[in-house]
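Okay, here's what each chain looks like letter by letter:
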Amino acid sequence: MAEIIDGRAVARQLDDKTKAEVDALIAAGGPRPGLAVILVGADPASEVYVRRKIKACEKVGIVSLEERLPAETSQEELMGVIARLNADLSVHGILCQVPLPPHIDTRTVLGAIDPDKDVDGFHPVNVGRLSTGTGGIVPCTPLGIMILLETVIDDFVGKDAVVIGKSNIVGKPVAMLLLERECTVTVTHIYTADLPEIARKADIIVAAAGAPGLVRGDWVKPGAVIIDVGITRLMGEDGKEKLVGDVRFDEVQHAKAVTPVPGGVGPMTIACLLANTVQAAKALSAGAAGNADPYHDAPDRSLIYATSEGGAD
Ligand code: NAD
């Protein structure tokens, strides 16, 4: 039987560590970390996500600041809010919930966030830092995936990793993080020829396609580690909605370890957002950030990795 990687337990451990870091920062005379969450309009799913993020902040002692703006807010007004939050010394993380209303150019808005406060890790400066291995903030879901992998893999060097999906928020950044750990990485996508054959060689499979049940038992070599990022809402036979991953969980029990859906990658994402916010606060308060040089050393994600030691139990 494959080991089930318990994302909820690992996320709780990371939250405990984040809370301890908040306490230590304040005890050392630093600021209480602050996260500003911008919500434009009233998209119901976004409302739920924002509520969850704000509640999670409270648990670890991060101050949350909600910036609720009406759907008709102009791009100029939104850019003004971001400029104000960039300059606010009590704000260390800024998150602009997407999707934004269609009259607003998402790329321009996300690009206006100070990269050292960009706790989602989507700013081109942070993408550049990641691909050049020069620190910076990385997107929350890929960071969570790496922390989960660390609970079952001692040594990444030379491992064959196959990433299924090449999105900017999951596939590409997770591939860069695996490369950073000296894995041999193959990034695959919808047009990849003979994906099963490629997957069969992998020591690590990260499935982030959003294609329910894509990864079959005979795609997986014995002893591989599988991270199932996919989340698709399907109607069950009982008429109830259920979340389905990209991996046939029941067929991959010859793997070394696998994440369940739900309860795998999902819980890690908000925990990593909080961890990113604290690292941003530490870097900003140490004066390492706010620097015109995009290669300056801030914030430090290796500190978040260090929090995951000890595994899921
Ligand atoms: P996306 O739609 O932006 O990208 C999907 C990628 O998968 C594309 O590169 C596409 O080419 C590839 N793909 C699609 N179908 C494929 C197939 N049949 N074979 C091979 N490749 C295929 O998706 P995304 O935003 O990266 O999200 C991927 C999945 O991860 C979704 O199910 C999403 O809900 C989930 N997700 C989960 C979390 C979390 O917190 N757990 C966070 C982000 C995304």
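Within each chain, residue numbers correspond to sequence positions counted from 1 in written order. Two thresholds apply to this predicted model, a pLDDT of at least 70 for residue-level local features and 80 or more for giving and counting side-chain atom pairs, whereas whole-chain, interface and lining totals are computed over all residues. The side-chain values count all of the structure's non-hydrogen atoms but skip hydrogen atoms and water molecules.

Q: Describe the pattern of salt bridges, with residues and values.
A: For this document, the term salt bridge refers to a Lys or Arg side-chain nitrogen within 4 Å of an Asp or Glu carboxyl oxygen. Taken as a whole, this structure holds 12 salt bridges when the rule is applied. Notably, a salt bridge pairs E47 with R68, separated by 3.0 Å at the nearest N-O pair. One end of the pair, E47, is in helix α2 (residues 44-60); the other, R68, is in strand β3 (residues 63-69), with 21 residues separating them in the sequence. Only protein chains enter the calculation, and the probe is 1.4 Å; a residue is then buried if its accessible area is under 20% of its type maximum, exposed if over 50%, and partly exposed in between. For R68, a relative accessible area of 42% translates into the label partly exposed. In this structure, the salt-bridge partner of E150 is R181, at a minimum N-O distance of 2.9 Å. Taken together, the residues E150 in helix α6 (residues 140-150) and R181 in the loop between α7 (171-180) and β6 (184-188) connect sequence positions 31 residues apart. Accessibility expressed as a relative area gives 23% for R181, which makes it partly exposed. In the salt-bridge network here, residues are joined through shared partners; they are E47, E66 and R68. By the criteria applied, helices consist of DSSP H or I runs no shorter than four residues and strands consist of E runs no shorter than two, each listed in order from the N terminus.

Q: I'd like a rundown of the sheet that holds strand β2 (residues 34-40), residues and numbers included.
A: Strands sit in the order β3-β2-β4 across an open sheet of three strands; the sheet is parallel. What marks the edges here is a single partner per strand, and that holds for β3 and β4 (93-96). Here the strands of the sheet are splayed against their neighbours by 15° on average, with no regard to which way each runs. Sheet topology note: the β2/β3 ladder contains seven bridges and is parallel. Pairing of G34 across the sheet is with V63, part of β3. The contact criterion used throughout is that any non-hydrogen atoms of two residues lie within 4.5 Å. Only C-alpha atoms enter the line fits that serve as axes; for helices the fit covers just the stretch in contact. Angles between N-to-C directions range over 0 to 180 degrees. The sheet contacts of α2 involve β2, β3 and β4, and relative to β2 the element is tilted by about 170°. Two strands form a pair only when DSSP identifies at least two bridges running between them.

Q: Got a sec to walk through the nonpolar core? Specific residues and values, please.
A: One finds I145, L149, L178, I204, V206 and I227 to be the most contacted residues of the largest nonpolar core, which totals 54 residues. Of all the elements, helix α9 (residues 266-285) adds the most residues to this core, at eight residues. If we ignore the near neighbours within four places in the chain, the residues touching I204 are L149, I153, F156, K159, D160, A161, V162, L178, C183 and V225. In this description, a nonpolar core means a group of buried Ala, Val, Leu, Ile, Met, Phe, Trp, Tyr and Cys residues linked to one another through side-chain atoms lying within 4.5 Å.

Q: Please set out the site of the ligand residue by residue, giving values where relevant.
A: Consider each residue's heavy atoms; a residue with any of them within 4 Å of a molecule or strand counts as near. Around the ligand, 20 residues are found, and the nearest of them are K166, S167, I190, I231 and T269. By the criterion applied in these results, polar contacts are pairs of N or O atoms within 3.5 Å in which, for protein atoms, one can donate a hydrogen and the other can accept it, and in which residues neighboring in sequence qualify only through two side-chain atoms. Measuring from an oxygen atom of the ligand, one finds a backbone N or O atom of I190 at 3.0 Å. The contact in question runs from an oxygen atom of the ligand to an N or O atom on the side chain of T269, over 2.9 Å. Per-residue accessibility takes into account occlusion by the displayed protein chains alone, with areas from the Shrake-Rupley method and a 1.4 Å probe. Relative to its free-state accessible area of 860 Å², the ligand is covered by the protein chains to the extent of 71%. Residues belonging to the shell around the ligand are distributed by class as follows: 11 nonpolar, eight polar and one charged. Throughout this entry, Asp, Glu, Lys and Arg are counted as charged residues, while Ala, Val, Leu, Ile, Met, Phe, Trp, Tyr, Cys and Pro are counted as nonpolar. The remaining residues, Gly among them, count as polar.

Q: Account for the side chain of D228, with residues named and values stated.
A: With respect to the element layout, D228 can be found in strand β8 (residues 225-228). Only four residue types enter the charge count: Lys and Arg as positive, Asp and Glu as negative, with His and the chain ends excluded. Buried within the structure, D228 lacks any salt-bridge partner; R248 is the closest side chain of opposite charge, at an N-O distance of 9.5 Å. Of the polar contacts made by the side chain of D228, one reaches the backbone nitrogen of G230; its length is 3.3 Å. Among the polar contacts listed, one links the side chain of D228 to the backbone nitrogen of V247, at a separation of 3.1 Å.

Q: Just give me the short version of the packing of α6 against α7, but keep the residues and values in it.
A: With their axes 9 Å apart at the nearest point, α6 and α7 run at an angle of 40° to one another. With respect to each other, α6 and α7 are oriented oblique. Between α6 and α7 the crossing geometry is right-handed. Facing P142, L143, I145, M146 and L149 of α6, the residues of α7 in contact are P173, V174, L177 and L178. Oblique is the label for every angle not falling under 35 degrees (roughly parallel), over 145 degrees (roughly antiparallel), or within 65 to 115 degrees (roughly perpendicular). Two helices cross in a left-handed way if the nearer one is turned anticlockwise from the farther one by less than a right angle. They cross in a right-handed way if the turn is clockwise.

Q: Help me get a handle on the state of the cysteines, residues and values and all.
A: Disulfides are defined in this document as cysteine sulfur pairs within 2.5 Å. Enumeration over the complete set of coordinates arrives at zero disulfides. No disulfide involves C96; its nearest neighbouring cysteine sulfur is the one of C140, lying 14 Å away. The cysteine C272 is free of any disulfide, with C140 supplying the nearest cysteine sulfur at 6.3 Å.

Q: Help me get a handle on the confidence of the model for the protein chain, residues and values and all.
A: Here the protein chain averages 92 in pLDDT, and 92% of its residues register 70 or above. As a per-residue measure, pLDDT reflects the predictor's confidence and takes values from 0 up to 100. Throughout residues 307-313 the model reports pLDDT below 50, and contacts reaching past four residues in sequence, or to other chains, amount to 13 contacts.

Q: Tell me about unusual backbone geometry, residues and numbers included.
A: Trans peptide bonds make up the majority, and among non-glycine residues the majority have a negative phi. V98 connects to P99 through a cis peptide bond whose omega is 5°. Residue position: P99 is located in the loop between β4 and α4 (106-111). We note that E182 has phi near 70°; this positive angle belongs to a residue other than glycine. Look at D194: it is not a glycine, yet its phi comes out positive at around 50°. The topology assignment puts D194 in the loop between β6 and α8 (195-199).

Q: Tell me what's going on with the sheet that holds β8, and back it up with residues and numbers.
A: The strand order across the open sheet formed by six strands is β1-β11-β8-β7-β5-β6, and the pairing between neighbours is parallel. In this open sheet, the two edge strands, each paired with only one partner strand, are β1 (3-4) and β6. Where strand β5 (residues 160-164) meets strand β7 (residues 204-207), four bridges bridge the pair, whose relative direction is parallel. Across the sheet, A161 pairs through a bridge with I204, a residue of β7. With respect to the sheet, α6 is in contact with β7 and β8, its orientation differing from that of β8 by roughly 150°. Against the sheet, α7 contacts β5, β6 and β7, and its axis sits at roughly 170° relative to β5.

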